[in-house]
Every structure is written in C-alpha cells, then in structure tokens.
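# A structural walkthrough
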Amino acid sequence: MRAKQSNSVIDISHHNGTRLRFDKAKADGIVGVIQKATQGKTYVDATFKKNKKAILDAGLLFGAYHFGDGSDGASQAKHFLDVVEPDKNTVVVLDFESNPAGPSMTLKEARAFITHLKFELGRWPGFYSGHDIKEALGKSVDPILKNCWFWLAQYGPTPVVPPCWTKWTLWQYTDGGVGPKPHAVDGIGSCDRDIFNGTRKQLKGWWGT
C-alpha cells in the first residue's frame with residue numbers, strides 16, 4: 001500500500017452479526033463504515049438502524065449501500081432513500097453484483113437507480129462492483145456510470161480498474177478471508193476491508209461529497 005492510501009474503511013451487513021464494537025474499531029484505525037441498508041424494492045437489512053446509530057455515536061463517518069436486483073431501478077432508489085434518509089455527510093453506494101437469490105440488476109436498472117439518486121441528492125453515488133461490471137461493460141465507457149466514483153471489489157495484490165473509470169476511490173481488497181492482509185478489525189472481527197485512494201485527512205474531506 002502506498003503512503004498516500006489509507007486502510008481505514010470497512011463495509012458491513014447483517015452477516016457481521018449483532019455484537020459489534022465501533023469504539024474499538026475506531027481505536028484500531030477505522031475512520032468510516034459503510035453499512036448495507038436495502039436490497040431490491042422492499043428489503044431492509046435488520047442491523048441497519050442499530051448500526052447506523054452506533055457508528056455515528058462512536059464518532060465514525062457513516063455510509064450506506066444498496067444491493068441491486070432485477071426490479072425497477074428507480075423504485076429501488078426510492079426505497080433506499082426512504083430507509084437511509086442520507087444527509088450531506090452520508091456516503092451512498094450502489095452495489096452491482098450477481099444476485100444469488102433471484103434476477104440480478106441490469107445496466108439499464110443501474111442507470112435508473114443512479115440517475116434517481118443524482119436527481120434527489122444533487123451528487124453522484126458510488127458504484128461498487130468487480131468482475132460483474134467488467135464483464136457487463138467490457139472496454140466500453142457508460143455515459144451514466146462513469147460519473148460515479150468507483151469502488152472496486154478485487155481480492156488480489158493489484159487493483160485493476162475497468163476502462164469506464166480512470167481510477168478507483170475505494171478498493172475492497174479482502175472479504176475477511178480471501179485477499180491481502182489485514183483481514184480483521186478490533187471490535188468487528190474478520191470483515192470486508194477497504195483502502196481509500198488518499199490520506200486519512202483526504203478521506204474525511206471527501207466523505208459524502
């Protein structure tokens with residue numbers, strides 16, 4: 001990891017359990033936490049509300065992501081916003097990956113989701129993906145998706161960004177088991193860990209914008 005990069009973000013969901021200690025995570029160097037909020041048009045992560053409060057109470061930066069499925073993209077975006085109620089300090093992200101429980105989100109629905117968030121919030125959300133978006137786009141540049149900051153999922157030593165973006169902003173380098181170390185965080189255990197493409201100071205300035 002280069003000196004200008006900061007390994008100080010994690011992302012979590014109900015899969016991480018219910019006994020998380022965000023004060024310990026902060027003491028272990030974590031600056032920001034991105035929590036799963038919603039999926040599809042109706043699902044809400046059972047740990048979202050409790051974790052959001054605990055993350056903010058611990059003095060950490062808070063973000064929320066939506067797991068996209070094959071249903072109407074604009075309706076998914078409305079559901080996400082209704083649950084999260086993001087303010088200017090909330091990072092918001094679309095998780096674009098294969099859905100093991102049903103139809104996966106298409107590029108058309110991803111564009112609809114992103115466009116709705118841009119209209120409502122006045123800023124482009126983050127776009128999280130790995131091999132799924134590389135396969136979907138190939139070497140092409142999508143006129144909508146390219147506006148999002150890119151969150152790369154790749155559990156290897158070297159991040160490879162698809163041509164749609166010029167750089168990665170966050171890099172999920174491990175799922176807590178696969179990928180380079182470190183895998184765990186105090187108070188959380190093994191989890192998804194993410195490197196920010198900048199310093200800790202730059203991360204705090206960028207968050208939510």
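A brief structural summary.

### Quick notes on the pattern of salt bridges
- This model, assessed by the stated rule, comprises three salt bridges.
- With its nearest N and O atoms 2.7 Å apart, the salt bridge here joins Lys-53 to Asp-57. Here Asp-57 and Lys-53 lie together in helix α2 (residues 48-57), a separation of four residues that amounts to about one turn.
- Of the residues examined, Lys-53 reaches a relative accessible area of 55% and is grouped as exposed.
- The exposure class assigned to Asp-57 is exposed, which follows from its relative accessible area of 57%.
- Arg-111 is the salt-bridge partner of Asp-142, the closest N and O atoms lying 2.7 Å from each other. In this pair, Asp-142 is assigned in the loop between α5 (131-137) and β7 (149-153) and Arg-111 in helix α4 (residues 107-121), connecting sequence segments 31 residues apart.
- Its relative accessible area of 29% is what places Arg-111 among the partly exposed residues.

### Regarding α2
- Of all the residues in α2, the buried ones are Phe-48, Asn-51 and Ile-55. Each buried residue of α2 sits inside an arc of 70° when the element is viewed along its axis, so together they form one side. Turned more than 90 degrees away from the buried face of α2, the exposed residues are Lys-49, Lys-50, Lys-53 and Asp-57.
- The inward-facing, buried residues of α2 abut β1 (6-12), α1 (22-27), β2 (32-39), β4 (61-67) and α3 (73-84).

### Thoughts on the environment of Ser-190
- As for its placement among the helices and strands, Ser-190 is situated in strand β10 (residues 189-190).
- Spatially, the C-alpha atom of Ser-190 lies 33 Å from that of Ser-75, the residues being 115 residues apart in sequence.
- Apart from the residues lying within four places of it in its own chain, the contact partners of Ser-190 are Asn-16, Gly-176, His-183 and Ala-184.

### A look at the state of the cysteines
- Summed over the entire model, instances satisfying the criterion amount to zero disulfides.
- Cysteine Cys-164 remains unbridged, with the sulfur of Cys-148 as its closest cysteine sulfur at 8.5 Å.

### Focus on the packing of aromatic side chains
- A full pass over the atoms with the stated rule returns 11 aromatic pairs.
- Ring centres 6.0 Å apart and planes at 50° place the aromatic pair Phe-80 and Phe-113 in the tilted group. Highlighted residues: Phe-80 in helix α3 and Phe-113 in helix α4, separated in sequence by 33 residues. The same class applies to Phe-80 as to Phe-113, namely buried.
- Measuring from centroid to centroid gives 4.9 Å for Trp-149 and Trp-206, while their planes differ by 85°, and the two rings are edge-to-face. Of this pair, Trp-149 sits in strand β7 while Trp-206 is found in helix α6 (residues 200-206), placing the two residues 57 residues apart along the sequence.
- For Trp-149, a relative accessible area of 13% puts it in the buried group.
- Given the relative accessible area of 17%, Trp-206 is considered buried.

The rules behind each value
Sequence order sets the numbering: in each chain, residues are counted from 1 along the sequence as written. Local features in this predicted model are restricted to residues whose pLDDT is 70 or higher, and side-chain atom pairs enter the listing and the counts only when it is 80 or higher, whereas totals over whole chains, interfaces and linings include all residues. Note: side-chain values were computed over all heavy atoms of the structure, leaving out hydrogens and water. By salt bridge we mean one thing: a side-chain nitrogen of Lys or Arg within 4 Å of a carboxyl oxygen of Asp or Glu. A run of H or I in DSSP becomes a helix once it reaches four residues, and a run of E becomes a strand once it reaches two; helices and strands are each numbered from the N terminus. Residue burial is assigned from relative accessible area. The probe radius is 1.4 Å, only protein chains are included, and a residue is buried under 20% of its type maximum, exposed over 50%, and partly exposed in between. To be clear, the arc concerns the directions from the helix axis to the C-beta atoms. What makes two residues a contact is simply this: any of their non-hydrogen atoms within 4.5 Å. Criterion for a disulfide: a pair of cysteine sulfur atoms within 2.5 Å. Each pair of aromatic rings taken from Phe, Tyr and Trp, with Trp reduced to its six-membered ring, is defined by centres within 6.5 Å and is described as stacked if the planes are under 30 degrees apart, edge-to-face if over 60, and tilted in the remaining cases.

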